[in-house]
Amino acid sequence: MNLRPFLAFLVLGASSALAQAPAAPAAAAPVSDEVRKLLLTARDMRVKHQYTDALEKLEEAEKLAPNLADIYALRGDIYLAPRRRDFDLALPQFEKAAQLQPDSPLPKFNLAEFYFVKHDFDTALKSFSKMIADYPKLPMVIRHLVHYKRMLCELKLGHRQQAEQIVADNFTFMDDTPAYYFSKSAMAFEMGDIAKANEWVQRGVAVFKGPACEPYYDAFKELRWVPDMDFNAPKEQPKQP
């Protein structure tokens with residue numbers, strides 16, 4: 001799975017869109033420069049696939065700030081990296097982050113995404129749907145991403161009609177997100193129509209800049225519809241945003 005920046009740190013599946021989410025209540029103590037530096041270093045190491053070194057930096061940070069949710073979110077993401085995929089180690093980290101930020105939607109997104117990556121689509125669907133119910137005023141850029149993940153879960157569960165209804169109820173081609181285009185692409189992928197799926201990806205990328213498309217395209221990697229760096233690449237694939 002590819003990471004995206006959230007504030008100064010990285011969290012599971014969270015694109016730059018999630019930076020617009022409502023902030024969690026301020027911590028009792030501010031994050032020290034030392035802890036911030038450790039987290040930034042760990043983030044950069046994770047991006048470079050230096051997982052062992054990144055985990056060591058997080059251990060140092062945890063000793064200094066054991067109640068900082070970002071530490072556990074990033075550690076969980078490292079455990080879920082495509083070359084590791086250690087679900088048993090990742091889940092407690094995301095749960096810890098959620099306990100430390102009970103009012104924030106971000107840890108809840110991470111937990112839902114955990115089940116999506118695990119291909120437990122029933123649990124992921126319930127988790128993403130609960131996010132929509134619990135946070136009805138999420139900014140569109142985040143709300144659309146959550147609805148998009150709901151739609152993908154319905155598709156993978158064989159509920160095409162429900163997936164189509166989510167698209168009809170929430171997306172149009174005039175939106176400020178690429179959700180409509182990538183939803184259409186997903187439906188084509190699920191039907192095995194690679195040419196049509198490619199066409200919808202290309203339409204979306206033509207309208208929106210690459211960074212806006214990346215979290216939508218990354219979901220295709222998790223579903224093995226397009227290659228990630230650690231998966232075997234099919235011969236025909238749309239151009240990555």
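Below is a summary of the structure that appears in this document. What you see is a predicted model, and the numbers here were worked out from it, not measured in a lab.

Here we come to a negative patch on the surface. On the surface, Glu34, Asp53, Glu56, Glu59 and Glu60 cluster together into a patch of negative charge. Take the negative patch: its biggest share by element is 4 residues, from helix α2 (residues 51–64). Mapping Glu34 onto the fold places it in helix α1 (residues 33–47).

Phe116, Tyr148, Met151, Leu152, Phe182 and Phe220 are the most contacted members of the largest nonpolar core, which totals 71 residues. Not counting residues within four places of it along the chain, the set of residues in contact with Phe116 comprises Phe121, Ala124, Phe128, Lys149, Leu152, Cys153, Ala219, Glu222 and Leu223.

This brings us to the packing of aromatic side chains. Enumeration according to the criterion identifies 16 aromatic pairs in this entry. Pairing Phe109 with Phe128 gives two aromatic rings, centres 5.8 Å apart and planes at 65 degrees, and the pair type is edge-to-face. Placement of the pair is Phe109 in helix α5 (residues 105–117) and Phe128 in helix α6 (residues 121–134), with a sequence separation of 19 residues. The class of Phe109 is buried, set by a relative accessible area of 1%. A centroid spacing of 5.8 Å and a plane angle of 75 degrees characterise the contact between Phe116 and Phe121, whose relative ring orientation is edge-to-face. The buried category is assigned to Phe121, whose relative accessible area is 9%. An aromatic cluster of three or more residues is present, and its members are Tyr148, Phe182, Phe189, Tyr216, Tyr217, Phe220 and Trp225. Residue placement shows Lys96 over the ring face of Tyr72; its charged tip is 5.8 Å from the ring centre. Just above the ring of Phe116 sits the side chain of Lys149; from NZ or CZ to the centre is 4.9 Å.

The interhelical angle for the contact between α1 and helix α3 (residues 69–79), taken along N-to-C directions, is 15 degrees, at an axis separation of 11 Å. The pairing of α1 with α3 is recorded here as roughly parallel in orientation. Here α1 and α3 pass one another in a crossing that is left-handed. Two secondary-structure elements touch here, α1 through Leu39, Ala42, Arg43 and Arg46 and α3 through Asp70, Ile71, Leu74, Asp77 and Ile78.

Let us now look at helix α7 (residues 140–156). Compared with the 24 Å implied by 1.5 Å per residue over 17 residues, the 24 Å span of α7 between its first and last C-alpha is a close match. Count one or two residues on from α7 and you reach Gly158, which has phi positive near 85 degrees.

Let us look at helix α9 (residues 179–190). A rise of 1.5 Å per residue sets the reference length of α9, with its 12 residues, at 16 Å; its end C-alpha atoms lie 16 Å apart and thus fit the reference within 8%. With 10 of 12 residues buried, α9 lies mostly within the body of the structure. Taken together, the buried residues of α9 touch α7, α8 (160–170), α10 (194–207) and α11 (210–222). With its phi angle positive at about 85 degrees, Gly192 sits one or two positions after the end of α9.

Right, let's talk about the pattern of salt bridges for a bit. Within the structure shown, the criterion is met by 12 salt bridges. For Asp44, the salt bridge goes to Arg43, with nearest N and O atoms at 3.1 Å. What you see here is one network of salt bridges that share partners, running through Lys196, Glu199 and Arg203.

Reading the values: the criteria
- Residues numbered from 1 in each chain as written.
- Predicted model: local features only at pLDDT ≥ 70, side-chain atom pairs only at ≥ 80, totals over all residues.
- Heavy atoms only, no water.
- Patch = residues over 30% accessible without salt bridge, like charges linked within 9 Å, V, L, I, M, F, W, Y side chains within 5 Å.
- Areas by Shrake-Rupley, 256 points an atom, 1.4 Å probe, with all protein chains shown as cover.
- Salt bridge = Lys/Arg side-chain N within 4 Å of Asp/Glu carboxyl O.
- Lys, Arg positive; Asp, Glu negative; His and termini not counted.
- Charge placed at Lys NZ, Arg CZ, Asp CG, Glu CD.
- Helix = DSSP H or I, 4+ residues; strand = E, 2+ residues; numbered from the N terminus.
- Core = buried A, V, L, I, M, F, W, Y, C linked by side-chain atoms within 4.5 Å.
- Buried < 20%, exposed > 50% of the residue type's maximum accessible area, 1.4 Å probe, protein only.
- Contact = heavy atoms within 4.5 Å.
- Phe/Tyr/Trp six-rings, centres within 6.5 Å; stacked < 30°, edge-to-face > 60°.
- Lys NZ or Arg CZ within 6 Å of the ring centre and 35° of its normal.
- Axes fitted to C-alpha atoms, helices over the stretch in contact; angles between N-to-C directions.
- Parallel < 35°, antiparallel > 145°, perpendicular 65-115°, else oblique.
- Left-handed = near helix turned anticlockwise from the far one by under 90°.
- Expected span 1.5 Å × (residues − 1).

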